[in-house]
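# Remarks on the overall topology
The lines below spell out each chain.
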Amino acid sequence: MIIDCDPGVDDAVGLLLAFASPELELLAVTTVGGNVPVEKTTRNARIIRQVAGREDVPVFAGAARPLRREPAGAGEFHGAEGLGDLEAVEPDAPATDGSAVETIVRMVMEAEPKSVALAVMGPMTNLALALRAEPRLADLLGPVVVMGGARSEGGNITASAEFNIWADPDAAAEVFASACEMVVFGLDATHQVRATEDRIRALEAIGNGPALTAAAMVRFSQRIERDIVGWEAAPLHDPCTVAWLLKPELFRLRPCRIEVETASDLTRGHTAVEFRVDPAGARHLWAVEADGQGVFDLITGRLGAVA
């Protein structure tokens, strides 16, 4: 698999889960501007890679800005540097030369069809550019697993839009309109995966570097969500993509068709999730239920097994 991300505190937990799961052949981590600028997301991915002791996985920098919009960050939810309270030191190992877009195209085209999954934890800019560069990618990727969108829960950046889609709605619209087979974890599902106090303490009790880093990420989110939204337990969004690849039984999916609003300023990034489709021909699956305790048990189990 390839992870395309914009770390981001919940991206960091998703990366730590993937790095700690030996059954995943992690080919690369690619970064994009989103929660914070791409220079910081690339550094943050390298920081998390170093915490995990996985310098064998290359990190490639990607798109710095959306396809047609001005960049817009979410530092208020992730901290000015993107990793909450974690000190943003320069990691030992650099990013690998080459672009994220070129890397996604090359790695997928060199592999067997449908053998490389792409987990997208941030705006879909890199994937949209990759599909423009190589349209055959849509038939060869398998599957594209996305954190983004909202339906019944409403939005978290506007009344109807989730941040990852809102940040680059034009890229999301292009990807959803492509032939990619997509599994999508919007707020409807991720709001069911909450960092409760007992779940955070279970991570802290493990005591190793990856677990303590993950605990620090979700504890920062817990504090911010209390201050801004008033919730006692913050939702854990991005790790759901990796959790589904590891244990799909933790989620219930429904076939659908997803389209993205790009013309209206009021509803920019709204995801229109239509369930009235022929299941046999549906290219999109929308997560409607998540086992929150199961997801946290998976994270604590994997991080607890790290030497």
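Before any of the text, the structure's been laid out above.
Calculation notes
Residues numbered from 1 in each chain as written. Predicted model: local features only at pLDDT ≥ 70, side-chain atom pairs only at ≥ 80, totals over all residues. Heavy atoms only, no water. Helix = DSSP H or I, 4+ residues; strand = E, 2+ residues; numbered from the N terminus. Rg over C-alpha atoms; globule rule 2.2 N^0.38 Å. Buried < 20%, exposed > 50% of the residue type's maximum accessible area, 1.4 Å probe, protein only. Areas by Shrake-Rupley, 256 points an atom, 1.4 Å probe, with all protein chains shown as cover. Lys, Arg positive; Asp, Glu negative; His and termini not counted. Charge placed at Lys NZ, Arg CZ, Asp CG, Glu CD. Phe/Tyr/Trp six-rings, centres within 6.5 Å; stacked < 30°, edge-to-face > 60°. Core = buried A, V, L, I, M, F, W, Y, C linked by side-chain atoms within 4.5 Å. Contact = heavy atoms within 4.5 Å. Salt bridge = Lys/Arg side-chain N within 4 Å of Asp/Glu carboxyl O. 1 Å grid on protein atoms, 1.4 Å probe; cavity = no way out; pocket = protein on both sides within 12 Å on 5 of 7 lines; lining within 4 Å. Points joined across faces, edges and corners; volume = space filled by probe spheres on them. Nonpolar A, V, L, I, M, F, W, Y, C, P; charged D, E, K, R; others polar. Polar contact = N/O pair within 3.5 Å; in protein donor to acceptor, adjacent residues only side chain to side chain.

### Comments concerning the overall build of the protein chain
A tally of regular secondary structure across the protein chain gives 13 helices and eleven strands. For 307 residues, the compact-globule formula gives about 19 Å, and the C-alpha radius of gyration of the protein chain, at 17 Å, lands near that figure. Across its three principal directions, the C-alpha atoms of the protein chain cover 45 × 40 × 35 Å. Evaluated residue by residue, the protein chain yields a buried proportion of 58% over its 307 residues. In the structure as shown, the protein chain presents an accessible area of about 11900 Å², 51% of it carried by carbon and sulfur atoms. For the protein chain, the distance from the average site of its 27 positive side-chain charges to the average site of its 45 negative ones is 3 Å.

### Topic: the environment of G142
Structurally, G142 is set in the loop between α6 (137-140) and β5 (144-147). Separated by 70 residues in sequence, G142 and L212 have C-alpha atoms that sit 32 Å apart.

### Points about the packing of aromatic side chains
Overall, the coordinates contain three aromatic pairs when judged by the stated rule. For the ring pair F163 and W166, a centre distance of 6.3 Å and an interplane angle of 35° mean the geometry is tilted. Here W166 and F163 lie together in helix α7 (residues 163-167), a separation of three residues that amounts to about one turn. Just as F163 is buried, W166 falls in that class too.

### Describing the nonpolar core
Counting 55 residues, the largest nonpolar core has I3, V29 and F251 as its most contacted members. A total of eight residues in this core trace back to one element, the largest contributor, which is helix α1 (residues 9-19). Beyond its immediate sequence surroundings of up to four residues, I3 is in contact with L15, A18, L26, A28, V29, T30, A119, M121 and V242. With 36 residues, the next largest nonpolar core counts I2, F176, F275 and W286 among its residues.

### Thoughts on unusual backbone geometry
A cis amide bond, omega -10°, links P7 with the succeeding residue G8. On the secondary structure map, G8 appears in the loop between β1 (2-5) and α1. The linkage connecting G142 with the following residue, P143, adopts the cis geometry, with an omega of -20°. Note that P143 resides in the loop between α6 and β5. Of note in this structure, K114 is not a glycine but carries a positive phi near 65°.

### As for the pattern of salt bridges
Under the definition given, this model contains 21 salt bridges. As a salt-bridge pair, E81 and K40 come within 3.3 Å of each other at their nearest N and O atoms. Of the two residues, E81 sits in the loop between α3 (75-78) and α4 (100-110) while K40 sits in helix α2 (residues 38-52), which places them 41 residues apart along the sequence. Between E259 and R257 there is a salt bridge, and its shortest N-O distance comes to 3.8 Å. When its relative accessible area of 49% is taken as the criterion, E259 is described as partly exposed. Through salt bridges that share partners, R68, R69, R132, D170 and E174 make up one connected network.

### Thoughts on helix α12 (residues 239-246)
Of all eight residues that make up α12, seven are buried, and the element is covered over most of its length. Listed in full, the buried residues belonging to α12 are P239, C240, T241, V242, A243, W244 and L246.

### Quick look at the layout of surface pockets
The volume enclosed by the largest pocket comes to roughly 410 Å³. Contributing to the lining of the largest pocket are 30 residues, with F77, H78, N156, E225 and H237 lying nearest its centre. Secondary structure elements with two or more residues in the lining of the largest pocket: α1, α3, α7, α11 (209-228) and β8 (234-235). Class assignment for the residues of the lining of the largest pocket results in 14 nonpolar, nine polar and seven charged.

### Considerations on the side chain of T31
In this structure, T31 sits in strand β2 (residues 28-31). The exposure class assigned to T31 is buried, which follows from its relative accessible area of 0%. Of note is the side chain of T31, whose polar atom sits 2.6 Å from the side chain of T42.

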